[in-house]
Amino acid sequence: MKFDWTKKARRMHKQAMALATILASALLSVHPAQAGSISRIEADGSHITIAFDDVVEEVSTFSLVGPDRIAVDIRGGKAGQGGSARGIVKGVRQGQFTPDTARVVFDLEQPAVITDGSFSHDGKSLSLRLRSVGEGQIHASRQSFLPPAQFRAEPPRKSYSVKVPLGKPKDSVRLPKIYGPDDPNRPLVVIDAGHGGHDPGTVSPHGGTYEKNVVLAIALAVRDRLIAGGQVRVALTRDTDSFLVLEERYGIARRLGADLFLSIHADAAGNQSASGATVYTLSEVASDREAAKLAARENKANIINGVNLGGATHDVSSILIDLTQRETMNVSADFAKLLHREARQQMAFRKIPHRFASLIVLKAPDTPSVLFETGYLTNKDDVAFLNSRQGRSKVAAGVASAIEAHFARKLALR
C-alpha cells in the first residue's frame, strides 16, 4: 500500500509551535594563578588515589544512588582524562564542573561511601578510602579535605563580570540523512538508538554487552526493514557510537517534522528472571513503581560528571507547557498498542506490555513518541535474542509492521 499524504494532511497531523528566543549570559572571570591539573587516578578496591601536577584549594566528596557513584569536587583543579578502576569501582569519569572546579565521578558496582581521606605532605596527592554500604545508608552530606596550609592554592580572584546577549542559539546537532522514497509527503519516522558515546546504558552481566551497541544494531535493522518496505521515510538520531542529550534526540524529530518518534532501549532489572519487551508512552503520572524507576534512570542520561547537559532552557519550558496537547499523547498510546499487537508475533513481551512514564525523551509536544524497551540485558535469554542477527531481524519485522499499519490506519481515517 502506498501512503499518499497531502501537505494539508501533514499540517492537520502536526501543529506548528514557535520556540522562544533565548538570552544567555557569558561570565568572564580570571582563573586562579595556581591550579593543579589531575595527572593520575587509581581506584583499587577500597582505596582511591588522585594525583595533581600542582597544588589545589580543597576537595569535597559525596555519594549518589541510581546509578551508584561517588563524586569528587576539586576546587582550584583542572580536569584531566580517564583513570584506572578495579574492584567496586567499575569506571572513572572527569570533567570541568566550573571554571575553577574539576569533578571526578566514580561509577560503582554497589552503593558506597568515603570513610576517610588525607593529602600527601606536598599537597599533590589525595588518598581516599571507601566502604560498601546499603542503599539506605547513603546520605547527601559532603566531606571536605584540605591540603597542608603551606601547599594550598589560593582561591580564585574574580576581576570583572560582563553579561552579553547571545541571541537565539544555533542548532548544535546536524540533522541526519533521510532514507526511503524521495517524496516529502510520505510519513517520516525518526528512530532513536538510546545512549551512546560515553554513556553505555545497561551493561549486561552475561558477557558484558553494552546497551548502546545492542540498540544501535536494532535501530539499523529497523531502518533497513522500513527502507525495503518502501512505504515510509526514516531517519536515525545516531548511526554511530555518539552521544546526544535527551532534548537533542526528540529535537531532531521535531526539526525534521517527523510523524512518529521511536526511541529504542534495552532494560535492566535486579531480578535476572525478568524478561520481555515493554512499550512506554508519556504521562506525568507513572503507571507503576517500575515505570517511575525507569524514568528516574533514563532521565539521568543527560548528566555527565555531575553536569546536566540538557538544561531547563526556555524552549524546554515551552515544550512542558504544551504537554496539554492530549491528541499527541493519545496517538502515541494508540501506536504503543499497535506495536504490541504486531511485534508480539515476533518476540516476547511483558505481562503488562504498555506502561506510562515521565520520560524526557518523549516530551515533544507535536510528535507522537514511544520508548520501546526491547528486552532485558540482565536476562540471559533476552541478551542472546537481541544480540543475534535473527533476533534483531524479528524485532525489526515487528516494529516495521506496526509502523506501516499505523500510517495505513491514519490514511484510512482521512
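Structure first, text after, so check above.
Student: In this structure, what is going on with the overall build of the chain? I would like to understand it.
Tutor: Assigned secondary structure in the chain consists of eight helices and 19 strands. Considering the chain as a whole, with its 414 residues, one finds that 50% of them fall into the buried category. Here the contacts in the chain between residues at least 6 apart in sequence split such that 76% fall between residues at least 24 apart. Of the roughly 19,500 Å² that the chain leaves accessible, carbon and sulfur atoms contribute 51%.

Student: It is not clear to me how the sheet that holds strand β15 (residues 277–282) should be interpreted in this structure. Could you clarify?
Tutor: In a beta sheet, neighbouring strands pair by backbone hydrogen bonds and run either parallel or antiparallel. With respect to topology, six strands assemble into an open sheet ordered β13-β12-β14-β19-β15-β18, the strand pairing being mixed. Across the chains shown, the open sheet's two edge strands, defined by having one partner strand only, are β13 (233–236) and β18 (349–357). Between one strand axis and the next, the sheet turns through 20° on average, direction left out of account. Contacts from helix α3 (residues 246–256) reach β12 (188–193), β13 and β14 (260–267), with the element oriented near 165° to β12.

Student: What is the right way to look at the pattern of salt bridges in this model?
Tutor: Pairing of side chains with opposite charge becomes possible as their charged atoms draw close. Going through the model one piece at a time under the given rule, you end up with 14 salt bridges. In this structure, glutamate 42 and arginine 40 form a salt bridge, with 3.5 Å as the shortest nitrogen-oxygen distance. In this structure glutamate 42 comes out as partly exposed when scored by relative accessible area, which is 38%. We note a salt bridge from arginine 341 to glutamate 342, for which the minimum N-O separation is 2.6 Å. Given a relative accessible area of 14%, glutamate 342 falls into the buried group.

Student: I'm lost on the side chain of histidine 340 in this one. Help?
Tutor: Tracing the sequence through the fold places histidine 340 in helix α6 (residues 326–343). Every residue in contact with histidine 340, bar those within four places of it in the chain, is listed here: Phe349 and Pro353.

Student: Please explain the nonpolar core as it appears in this structure.
Tutor: Nonpolar side chains tend toward joint burial in soluble globular proteins. Within the largest apolar cluster, 38 residues are counted, with the highest numbers of intra-cluster contacts made by Ile191, Val222, Ile264, Leu339, Phe372, Val399 and Ile403. Residue contributions to this core peak at eight residues, all from helix α2 (residues 211–229). One finds Ile38, Ile48, Val56 and Ile70 within the second-largest nonpolar core, a separate group that totals 25 residues.

Student: Can you help me understand the pairing of β14 in this one?
Tutor: When a strand is regular, its side chains alternate between the sheet's two faces. Counted residue by residue, β14 has eight buried out of eight residues, so it is predominantly covered. Across the two faces of β14 the burial is the same, with Leu260, Leu262, Ile264 and Ala266 and Phe261, Ser263, His265 and Asp267 all buried. Here β12 pairs with β14 via five bridges, running parallel. Among the inter-strand pairings, aspartate 192 is bridged to a residue of β14, identified as serine 263. One ladder, built from six bridges, connects β14 with strand β19 (residues 369–376); its direction is parallel. In the strand pairing of β19, aspartate 267 is matched with tyrosine 376.

Student: How should the sheet that holds strand β3 (residues 58–64) be read in this particular structure?
Tutor: With antiparallel pairing, five strands are arranged side by side in an open sheet as β7-β8-β4-β3-β11. Of all the strands in the sheet, just β7 (89–98) and β11 (143–145) have a single pairing partner and so form its edges. The mean angle between the axes of side-by-side strands here comes to 20°, regardless of whether they run parallel or antiparallel. Summarising the sheet, β3 and β11 pair through three bridges and their orientation is antiparallel. Counterpart to valine 59 in the pairing with β11 is phenylalanine 145.

Basis of the calculations
- Residues numbered from 1 in each chain as written.
- Predicted model: local features only at pLDDT ≥ 70, side-chain atom pairs only at ≥ 80, totals over all residues.
- Heavy atoms only, no water.
- Helix = DSSP H or I, 4+ residues; strand = E, 2+ residues; numbered from the N terminus.
- Buried < 20%, exposed > 50% of the residue type's maximum accessible area, 1.4 Å probe, protein only.
- Contact = heavy atoms within 4.5 Å.
- Areas by Shrake-Rupley, 256 points an atom, 1.4 Å probe, with all protein chains shown as cover.
- Pairing = 2+ DSSP bridges.
- Axes fitted to C-alpha atoms, helices over the stretch in contact; angles between N-to-C directions.
- Salt bridge = Lys/Arg side-chain N within 4 Å of Asp/Glu carboxyl O.
- Core = buried A, V, L, I, M, F, W, Y, C linked by side-chain atoms within 4.5 Å.

Just distances and angles here, no functional claims.
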